[in-house]
Amino acid sequence: MKVSNTFMNRRNFFWLISPSILFLLIIQVYPAIYSWYLSFGRIKGGKYTFAGLKNFTRLLHNSDFYESLARTGIFTFSFLIACIGIGLILALLLNRCTKFTALYMTIIFVPMVLSEVVGGTMWRWMFQQSFGLVQAFLNPFINNVSILSRPWGAMAVVIAASVWKQLAFTALLFLGALQTVPKELFESAALDGATRSEMFWKITWVIIRPTVLLASIITTIRGINALGLILATTQGGPGSSTMTEAVFLYRTAWQFGKFGDAAALSVMMFLINITLGAVYIRLLKES
Amino acid sequence: MLIRSKAQIIRDEFVTHGLLIFFSLIMVFPVALSLMTSFKTKTDVMILPPRFFPPQWTIEGYLKVFQSDLIPIYMPNSAINAFVSTIITVIFAAFAAYGFSRFKFKGSRALQLGILGLMMIPGVTNLVSYYRLGSQLGILSTHLIMVLVYTGFELPFGLLILKNFFDAIPIDLEEAAKIDGCNSVRVLWHVLIPLSLPGLFVAFLLILVYTWNEFLFAVTLLSANSARTAMVGLYDFQTSFEVAYHALSAASIIVLLPILLVFILGRKTFFRAMMEGALKG
């Protein structure tokens, strides 16, 4: 390949990228390796002793681990379906819309720029036991108990809050893809007498499918690792009914001080993420 | 579309806007409710049945927040962590992005994909390591650890945005300037920096929003009250303000205001970045 710049050479390139590479090695790569080291050890009073696979076996005998795993599955699956489904509907609406599009987009985008804690605080307040405004509407149906104090209710609220916060991401990503669909295709299809649903599945869907796939992977990864908003909304409660694997990790380390177990959990989550990340990179390469 | 009647078009418009208004209301409702709550009195927060609008407008909640550590301690901490790490990230990412954009070599793409791959690994798997390493180095509860972590975490994202920007700046411009007798420094100063300013601004805004809002690293790595950020402070208020939801709402509004301003000023930037597939929330 031709070196395409008159004053860009190997040495200059090296100096340009080395600060970033150095930072990434120290802040991302080294801690990732370090958590493997921690996961094989016992940490007591800040001291590390090698413990082999003890952390992992203890974790695999802990029912909380499996229950959290199941909750992560429920959370991520619902989160994924809602983000993709509602996101797609929103994108199609925005794409058809000719007036006020920027205004709608601004409003829909607001939850995304809010912090997780602010979002969580707002959702807690809506469902507050006695004075929550949304709770007041639900009260006649659920015996005047906050929906947040019911295991399934809390899970539903946490999912809804997460979707609320993440929706603009998928919607705008899809909108970007929809705008690449050539309008002439629809016109000729309409002339051929195609119905709307035919046009959607045979034209739009084919073109946006890679984007949907990418968005699904990213959303899945975010779902599995969701933590901030769950903490801010329910702190994993009531009991442990919204304790996903990420919340379990947080509790293990910062509530129970079991850093060895938490490290083992980190390693397992890391492996899941790496696998999904590899799928993602493959898709990126293909597109 | 060609064969639709006028009535159909009007019906379509109606349905489209109806649904979009419905979605917009849902999206904005939690924020609007907090805004209204923040202007209620302590007693009006606790009336039954609860009301949306304050029966009596007051800034009692805000006054209560002004007495807390949020404004003198937590907000400045957030600002320092966010600004310092964002500036460092943008500078380093710009160097690297320019390098990758202009110097082609075998393995360049693989290296870039590797760096982007790091973006896919979420913070939660590194939390325990950061805590341990931070405590061994004695830098827990400092600006230093937050700046380091944020910079390391946001670099791949900055790199992704900025590389796209540099790729769009034609190399000929630089070469023409060089032929006209500019040295590298002058090319950088007179050609490259002015042309890439919009890109640097985009990266700056997006990363600033992320770092200001960041909660997870902050809540695990900052325990001293003097080092807490606005998000950690707000999280603590959830328990300490308990039913004082007017104050809690006021604190939420104060904390989100700077970011909302940044977003409204630069919203086109955000939309474009999102539609082009920039990945961070």
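Residues numbered from 1 in each chain as written. Chains lettered and ligands numbered in written order. Predicted model: local features only at pLDDT ≥ 70, side-chain atom pairs only at ≥ 80, totals over all residues.

Re the overall build of chain B
No. 1: Scanning chain B from terminus to terminus reveals 13 helices and 0 strands.
No. 2: Listing the helices and strands of chain B from first to last along the sequence gives α-α-α-α-α-α-α-α-α-α-α-α-α.
No. 3: Relative to its length of 281 residues, chain B is extended, with a C-alpha radius of gyration of 24 Å against a globular reference of 19 Å.
No. 4: Taking the principal axes of its C-alpha atoms as reference, chain B extends roughly 75 × 70 × 35 Å.
No. 5: Scored against the burial criterion, the 281 residues of chain B give a buried share of 46%. (Helix = DSSP H or I, 4+ residues; strand = E, 2+ residues; numbered from the N terminus. Rg over C-alpha atoms; globule rule 2.2 N^0.38 Å. Buried ≥ 20, exposed ≤ 12 C-beta atoms within 10 Å, placed from the backbone.)

Comments concerning the overall build of chain A
No. 1: Helix and strand counts for chain A stand at 12 helices and 2 strands.
No. 2: When the helices and strands of chain A are placed in sequence order, the string is α-β-β-α-α-α-α-α-α-α-α-α-α-α.
No. 3: In terms of overall dimensions, chain A has a C-alpha envelope of 75 × 75 × 30 Å along the principal axes.
No. 4: A buried classification covers 44% of the 287 residues belonging to chain A.

Comments concerning the pairing of strand β2 (residues 47-50) of chain A
No. 1: Direction of pairing for strand β1 (residues 41-44) of chain A relative to β2 of chain A: antiparallel, over a ladder of 4 bridges. Along β2 of chain A, the bridge assignment pairs isoleucine 43 of chain A with tyrosine 48 of chain A. (Pairing = 2+ DSSP bridges.)

Structural notes on the packing of helix α4 (residues 101-113) of chain A against helix α1 (residues 6-38) of chain B
No. 1: One way to put it is that α4 of chain A packs onto α1 of chain B with a least axis distance of 8 Å and a crossing angle of 35 degrees. Our pair here, α4 of chain A against α1 of chain B, has a crossing hand that is left-handed. For the pair α4 of chain A and α1 of chain B, the contacting residues are Tyr104, Ile107, Ile108, Val110 and Pro111 of chain A in the first and Leu20, Phe23, Ser24, Met27, Val28 and Val31 of chain B in the second.
No. 2: A per-class count over the contact of α4 of chain A with α1 of chain B returns 10 nonpolar, 1 polar and no charged. (Axes fitted to C-alpha atoms, helices over the stretch in contact; angles between N-to-C directions. Left-handed = near helix turned anticlockwise from the far one by under 90°. Contact = placed C-beta atoms within 7 Å. Nonpolar A, V, L, I, M, F, W, Y, C, P; charged D, E, K, R; others polar.)

Focus on the confidence of the model for chain B
Residues and elements named next belong to chain B.
No. 1: When pLDDT is averaged along chain B, the result is 87, and 96% of the positions lie at 70 or above.
No. 2: Within chain B, the lowest mean pLDDT, 75, falls on helix α13 (residues 267-275), and the highest, 95, falls on helix α10 (residues 216-221).
No. 3: As a predicted assembly, this complex carries a pTM of 0.89 together with an ipTM value of 0.88. (pLDDT = per-residue confidence, 0-100.)

Examining the domain arrangement of chain B
No. 1: Partitioning chain B into domains gives domain 1 (6-61) and domain 2 (69-240).
No. 2: A separation of 36 Å is found between the C-alpha centroids of domain 1 of chain B and domain 2 of chain B. (Domains from an automatic or database assignment.)

Some points on the interface of chain A and chain B
No. 1: The interface is formed by 82 residues belonging to chain A together with 86 residues belonging to chain B.
No. 2: Among the residues forming the side of chain A that touches chain B, the class breakdown is 61 nonpolar, 18 polar and 3 charged.

Quick word on the confidence of the model for chain A
Residue and element names in this part refer to chain A.
No. 1: Confidence along chain A averages 89 in pLDDT terms, with 97% of residues attaining 70 or more.
No. 2: No element of chain A has a lower mean pLDDT than β1, at 83, and none a higher one than helix α3 (residues 63-96), at 95.
No. 3: pLDDT under 50 marks residues 1-5. Its contacts with residues more than four places away, or in other chains, come to 12 contacts.

Some points on the environment of isoleucine 218 of chain A
No. 1: For isoleucine 218 of chain A, the position within the fold is in helix α9 (residues 196-225).
No. 2: Since 22 C-beta atoms lie within 10 Å of it, isoleucine 218 of chain A is described here as buried.

Focus: unusual backbone geometry
With the exception of glycine, most residues fall at negative phi, and the peptide bonds are largely trans.
No. 1: Residue glycine 237 of chain A is joined to proline 238 of chain A through a cis peptide bond whose omega torsion reads 0 degrees.
No. 2: Of note, the amide linkage connecting leucine 48 of chain B to proline 49 of chain B takes the cis form, showing an omega dihedral of -10 degrees.
No. 3: Relative to the helices and strands, proline 49 of chain B resides in the loop between α2 (42-45) and α3 (60-66).
No. 4: Positive phi, close to 55 degrees, is recorded for glutamine 235 of chain A, a residue that is not glycine.
No. 5: Tracing the chain through its elements places glutamine 235 of chain A in the loop between α10 (228-233) and α11 (245-254).
No. 6: Backbone geometry at serine 141 of chain B places phi at a positive 60 degrees, although glycine is not the residue there.
No. 7: Considering the arrangement of structural elements, one finds serine 141 of chain B in the loop between α6 (127-137) and α7 (143-168).

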